[in-house]
Amino acid sequence: MFKPAWLILSGRQGAYTEMPASSQRFARSQYFYNNLTSVLDLNDVKDDIFKLDFTWLNADVSAQEQRFNTAFAGQLRATSSGLGGLDVILPHVNKAYA
């Protein structure tokens, strides 16, 4: 469902991704994440994470959104975020807070 997507973790202290900082996609994502940091391994991030952003290059994510929301109904919620992105948050958290 998520291959080949990049992942952006949105946390209390900043946003993190394994995208190379020199990539065009990283530069475009910085518009939405003003504190975006490129890391070697997302497992090393030590922050409270509020939102996941799966992002594809120029992709319509409506099929992924529907499959995700069916598979995780009541546990997590996914919504299209533009630029081929799919935001995943807890059902009681809104995108603005995350």
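What comes next is a walk through the structure. (Residues numbered from 1 in each chain as written. Predicted model: local features only at pLDDT ≥ 70, side-chain atom pairs only at ≥ 80, totals over all residues. Heavy atoms only, no water.)

Next up on the list: the pairing of strand E6 (residues 85–89). Among the five residues that make up E6, five are buried, leaving the element largely enclosed by the rest of the structure. Side chains of E6 alternate between two faces, with Gly-85, Asp-87 and Ile-89 and Leu-86 and Val-88 buried alike. As paired strands, strand E5 (residues 77–82) and E6 are joined by five bridges and run antiparallel to one another. Within E6, the position partnered with Gly-82 by the bridge is Gly-85. Between E5 and E6, which pair antiparallel and follow one another directly, the connecting turn spans two residues, one of which, Leu-83, has a positive phi of 55 degrees. (Buried < 20%, exposed > 50% of the residue type's maximum accessible area, 1.4 Å probe, protein only. Helix = DSSP H or I, 4+ residues; strand = E, 2+ residues; numbered from the N terminus. Pairing = 2+ DSSP bridges.)

In this section: the sheet that holds E5. With mixed pairing, six strands are arranged side by side in an open sheet as E3-E2-E1-E4-E6-E5. Looking at the sheet topology across the chains shown, the edges are occupied by strand E3 (36–38) and E5. Geometrically, the sheet is characterised by an average inter-axis angle of 25 degrees between neighbouring strands, direction not taken into account. Against the sheet, helix H2 (residues 62–71) touches E5 and E6, its axis set at about 165 degrees to E5. (Axes fitted to C-alpha atoms, helices over the stretch in contact; angles between N-to-C directions. Contact = heavy atoms within 4.5 Å.)

Our next topic: the packing of aromatic side chains. Taken as a whole, this structure holds two aromatic pairs when the rule is applied. When the ring of Tyr-31 is compared with that of Phe-32, the centres are 5.0 Å apart and the planes differ by 85 degrees; the resulting orientation is edge-to-face. Classification of Phe-32 as partly exposed rests on a relative accessible area of 47%. (Phe/Tyr/Trp six-rings, centres within 6.5 Å; stacked < 30°, edge-to-face > 60°.)

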